[in-house]
Amino acid sequence: MSSFTIYPAIDLMNGTVVRLKQGDPKQKTIYSNEPDLVARKWVNLGATWLHIVNLDGAFEDQENKNLSAIKKILSIEKNDQIHFQVGGGLRSLDLIKKTLDVGVTRVILGTLAVEKLNQLEAAVKEFGDQKIVVGIDAREGMVRTHGWTVHQPNSALSLCLQMKELGIKTIIYTDINRDGVGGGVNLEATSQLAQKTGLEVIASGGIYKESDIVAVKSAKLPGVIVGRALYEGSVDPQSIFKLQETD
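Described below are features of the structure shown in this document. This one's a predicted model, so the numbers in the text were calculated from it and none came from an experiment. (Residues numbered from 1 in each chain as written. Predicted model: local features only at pLDDT ≥ 70, side-chain atom pairs only at ≥ 80, totals over all residues. Heavy atoms only, no water.)

A few points about helix H4 (residues 93-101)
Considered for burial, the residues of H4 that qualify are Leu95, Ile96, Thr99 and Leu100. Down the axis of H4, the smallest arc covering the buried residues is 130°, so these residues share one side. Here the buried face of H4 lies against strand S5 (83-87), strand S6 (106-109), helix H5 (111-115), helix H6 (117-127) and strand S7 (132-139). In the segment just after H4, Gly103 is the residue with positive phi, at about 115°. (Buried < 20%, exposed > 50% of the residue type's maximum accessible area, 1.4 Å probe, protein only. Helix = DSSP H or I, 4+ residues; strand = E, 2+ residues; numbered from the N terminus. Arc of directions from axis to C-beta. Contact = heavy atoms within 4.5 Å.)

Printed below as a string of structure tokens:
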């Protein structure tokens, strides 16, 4: 592993930057009404990727509700040096194409990847495996979709193996129990998924302090998504983004 990426999370609801506790919209904290300024801040501090989630799309199929905010983020200075991954409510090939066409580096598919395997396969064939990432969100090892509100019969491992068969190379794995509450990533489960599937598995959910990020890097995982810890200052961005440098 020659590189490690820290993905600052910019979660959008109604045009504002928020974080949810364990994915519950009733446990929401609003951090900013200006998503583009938040994006610029993380980039200026050393971020090379931004992880953007349209939560309104994930929960309500309102894919256009945060379109203006996403376009503002994409228009920030240094745009040509930054990569953007966007997810939330992308449940059709048309929406995937529209999202990629506005300048997004790659899209994150969740519900579609579980419920519409034929469309996922078509997306990989049409746009390529570098443009399509699958987000797998699980509680107690079992997959959830539709903004974590719908239980699925799949285990995270079985779904990962299914995704690999369809040509997916990269997974974002979120342990819902850890998300937004600190306490560290579920490193054991995340590492096992990577080892048993051979996929690139980006860790998500539970980062609270710098040592949590170091643990992910030490486990030879390719990257980690950091949300609340950045917004509430339990990690120092100037310090953590230096962890991306090759040892």
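Here the narrative resumes, following the displayed structure.
What to know about the packing of aromatic side chains
For any pair of aromatic rings, the description rests on two quantities: the centre-to-centre distance and the angle between the ring planes. Here the structure, examined in full by the defined rule, presents three aromatic pairs. Seen in terms of ring centroids, Tyr7 and Trp49 are 5.7 Å apart; in terms of plane orientation they differ by 55°. Their pairing is tilted. A residue pair is termed long-range when its members are at least 10 positions apart, and Tyr7 in strand S1 (residues 5-13) and Trp49 in strand S4 (residues 49-54) qualify at 42 residues. For Trp49, a relative accessible area of 12% gives the class buried. Measuring from ring centre to ring centre gives 5.4 Å for Trp42 and Tyr231, while their planes differ by 80°; the resulting arrangement is edge-to-face. Of this pair, Trp42 sits in helix H1 (residues 35-44) while Tyr231 sits in helix H10 (residues 228-232); the two residues are 189 residues apart in sequence, bridging distant segments of the chain. (Phe/Tyr/Trp six-rings, centres within 6.5 Å; stacked < 30°, edge-to-face > 60°.)

Side note on helix H9 (residues 210-218)
All of the buried residues in H9 are Asp212, Ile213, Val216 and Lys217. Across the axial projection of H9, the buried residues extend over an arc of 140°, all falling on one side. In this fold, the buried residues of H9 make contact with S1, helix H8 (187-197), strand S11 (200-204), strand S12 (223-226) and helix H11 (237-240). Note on H9: the residue one or two positions beyond its end, Lys220, has a positive phi of about 65°.

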